[in-house]
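# Coordinate inspection notes
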Amino acid sequence: MTELAAVKAALKTQAVETPSWAYANSGTRFKVFAQAGVPRNPREKLDDAAKVHEFTGVAPTVALHIPWDKVDDYTALAQYAQERGVTLGAINSNTFQDDDYRLGSICHPDPGVRRKAVDHLLECIDIMDATGSRDLKLWFADGTNYPGQDDIRERQDRLAEGLAEVYGRLGDGQRMLLEYKLFEPAFYSTDVPDWGTAYAHCLRLGEKAQVVVDTGHHAPGTNIEFIVATLLRERKLGGFDFNSRFYADDDLMVGAADPFQLFRIMHEVVRGGGLGPGVAFMLDQCHNIEAKIPAIIRSVMNVQEATAKALLVDRDALVAAQRSGDVLEANAVLMDAYNTDVRPLLAEVRQEVGLDPDPIAAYRRSGWAEKIAVERVGGQQAGWGA
Ligand code: PSV
Ligand code: MN
């Protein structure tokens, strides 16, 4: 296979998972701007996700969030997805929206609340059994607001104990992906604030526990690609929650604020052999003021573009420059790849698999946005229920 053929083959097999909640109404704590045509239930979210896959060809799975996507029959939901050409992906737990969780969930000082949180996580694994999902994605809002509020060390013990119980319930082929986040909603201490903490817990738990890197969950200026390289080296990178940030956990379209950072991350992914099914490439975004489906298509395309550029890095030239200490040349090799306009290449790749070269234009022409605006009238639009 020529090098270009290998690049194209890699791009054709890429998979980006879209989050069910990105199709729903969302906003900030100031305002949720409802949009016409927004899904009213998990099936309608899947209908929209199927459109993203139809036009991009690389978004075959959809992440669910429990309880936002609670249904009576998950097997039937999985079947419904399959009939639309997609499958159900990671199951995201929610231990942050009950009154009981004011002081935390799995790290709460009260064992009764911890029991409730762990039971919810076990329920999520039951759902995975029904949907055939591989990954349980855990993000905990746990932490404290004030020094002295609770015992930081003991909270880690509670976390370890709860995670161990959940880990023990994972079946063959199932994984637990532990997400970290610097701050918010807790402001003084967060119980899983960084990759080191997530890594330490995952290491103790075992092979089925891996870290998930949400690109919006770091302090400004953090070298995320270093974290990615390190986790891949340790075989502990379970996946990404892609989005982009200017200030905090902005949840904007991935690659919007800093496409160069996304490229640098994808370069480490390619370099570390992470461009396979072992790493889940998920979006975790919300579209508060822009049209949702085309914004998700745009996000998928942004990931594709960063991946294509990373695949185009002249590895031999880079290694030669690095080993000879040619700083300028090494940097130039990387920048050459980054500065390549990969849009024609991706258009070609799409055409080769029978897709329109311009997914957004194709979506706009499809009339789907107009159709759902007319048909999805009445009922309660889905949202994140905060
Ligand atoms: C909250 O920060 C968050 O965005 C986490 O990243 C989770 O992955 C997501 O919500 C869904 O619970
Ligand atoms: Mn996330």
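Residues numbered from 1 in each chain as written. Chains lettered and ligands numbered in written order. Predicted model: local features only at pLDDT ≥ 70, side-chain atom pairs only at ≥ 80, totals over all residues. Heavy atoms only, no water.

## Brief notes about the packing of aromatic side chains
The relation between two aromatic rings is expressed through the spacing of the ring centres and the mutual angle of the planes. For the record, the criterion: Stacked, edge-to-face and tilted labels apply to pairs of Phe, Tyr and Trp rings (six-membered ring for Trp) whose centres lie within 6.5 Å, assigned for plane angles under 30 degrees, over 60, and everything in between, in that order. What counts as a helix is a DSSP run of H or I of at least four residues, what counts as a strand is a run of E of at least two, and both are numbered from the N terminus. Residue burial is assigned from relative accessible area. The probe radius is 1.4 Å, only protein chains are included, and a residue is buried under 20% of its type maximum, exposed over 50%, and partly exposed in between.
One pass over the structure, following the stated rule, counts 13 aromatic pairs. Summarising the aromatic geometry, the rings of Trp 21 and Trp 68 are spaced 6.3 Å apart at their centres and angled 70° between planes, so their arrangement reads as edge-to-face. Here Trp 21 is found in the loop between strand S1 (18-19) and helix H2 (42-56), whereas its partner Trp 68 is found in the loop between strand S2 (61-65) and helix H3 (74-83), with 47 residues between them in sequence. Relative accessible area serves as the criterion here: at 8%, Trp 21 is assigned to the buried category. Between the aromatic rings of Phe 246 and Tyr 247, the centroid separation amounts to 6.5 Å while the plane-to-plane angle is 45°, which identifies the pairing as tilted.

## Digging into the pairing of strand S3 (residues 87-92)
Here is the rule we go by: We treat two strands as partners when DSSP finds at least two bridges between them. Seen with the strands pointing away from the viewer, any crossover whose path from the first strand over the helix to the second strand runs clockwise is right-handed.
With respect to burial, S3 is a largely interior element, five of its six residues being buried. Inspection of the sheet shows S2 paired to S3 by four bridges, in the parallel sense. Within the sheet, the bridge partner assigned to Thr 61 lies in S3 and is Thr 87. Pairing analysis gives two bridges linking S3 to strand S4 (residues 135-138), with the strands arranged parallel. Each residue of the ladder has a partner; that of Ile 91, found in S4, is Leu 136. On the question of chirality, the crossover connecting S3 to the parallel S4 by way of helix H4 (residues 111-131) is right-handed.

## Overview of the nonpolar core
Note the following rule: Remark: nonpolar core denotes a set of buried residues (Ala, Val, Leu, Ile, Met, Phe, Trp, Tyr, Cys) joined through side-chain atoms within 4.5 Å. When checking whether two residues touch, look at their non-hydrogen atoms; a contact exists if any pair is within 4.5 Å.
Formed by 87 residues in total, the largest nonpolar core has its most connected members in Phe 140, Leu 163, Met 176, Phe 240 and Phe 242. Every residue in contact with Phe 242, bar those within four places of it in the chain, is listed here: Thr 215, Val 254, Leu 262, Met 266, Phe 281, Met 282, Leu 283, Asp 284, Gln 285 and Val 303. In this structure, Leu 11, Leu 311, Leu 345 and Val 349 belong to the second largest nonpolar core, which totals eight residues.

## Digging into the site of ligand 1
Under the convention used in this document: Neighbouring residues are identified by heavy atoms, a residue being near a molecule or strand if any of them is within 4 Å of it. Polar contacts, as used here, are pairs of N or O atoms within 3.5 Å; protein pairs need one atom able to donate a hydrogen and one able to accept it. Residues neighboring in sequence count only if both atoms are side-chain atoms. Residue burial considers only the protein chains on display, and all accessible areas are found by Shrake-Rupley using a 1.4 Å probe. Under the scheme applied here, ten amino acids are nonpolar (Ala, Val, Leu, Ile, Met, Phe, Trp, Tyr, Cys and Pro), four are charged (Asp, Glu, Lys and Arg), and all others, including Gly, are polar.
Taken together, His 65, Phe 96, Lys 137, Trp 139, Glu 179, Lys 181, Asp 214, His 217, Asp 241, Asp 249 and Asp 284 form the complete shell of residues around ligand 1. The side chain of Lys 181 places a nitrogen or oxygen atom 2.9 Å from an oxygen atom of ligand 1. Within the contact set of ligand 1, an oxygen atom lies 3.1 Å away from a side-chain nitrogen or oxygen of Asp 241. Within the complex, 92% of the 310 Å² of free accessible area of ligand 1 lies under protein. Tallied by class, residues from the shell around ligand 1 come to two nonpolar, two polar and seven charged.

## A closer look at the pairing of strand S9 (residues 237-242)
Most of S9 sits out of view: six of its six residues are buried. Sheet topology places strand S8 (residues 209-214) next to S9; four bridges connect them, and they run parallel. Within S9, the residue paired with Val 211 across the bridge is Leu 237. Assessed by its sense of winding, the connection that carries the chain from S8 through helix H7 (residues 224-233) to S9 is right-handed. Sheet analysis places S9 next to strand S10 (residues 280-283), joined by four bridges and oriented parallel. Paired with Phe 240 across the strands is Phe 281, a residue of S10. In this fold, the crossover linking S9 to S10 by way of helix H8 (residues 259-271) has right-handed handedness.

## Things to note about the coordination of the manganese ion (ligand 2)
What counts, and what does not: Because water is not among the atoms used, a metal site may look incomplete, as its donors are only the N, O and S atoms within 2.8 Å, or 3.2 Å for Na, K and Ca. Angle rules define the geometry names used: all angles between 85 and 135 degrees makes four donors tetrahedral, while opposite donors over 155 degrees apart and all other angles between 65 and 115 make four donors square planar and six octahedral, leaving every other case irregular.
Looking at the manganese ion (ligand 2), the protein donor atoms are Glu 179 (OE), Asp 214 (OD), Asp 241 (OD) and Asp 284 (OD), and they sit 2.1 to 2.2 Å from it. Because the angles between the six donor atoms bound to the manganese ion (ligand 2) fall within 71 to 163°, the donor set is best described as octahedral. In the primary structure, the donors to the manganese ion (ligand 2) are separated according to the pattern E-x34-D-x26-D-x42-D. Residue Asp 214 is located in strand S8, and its partner Asp 241 is located in strand S9; the two are separated by 27 residues in the primary sequence. The residues Asp 214 and Asp 241 share a single accessibility class, namely buried.

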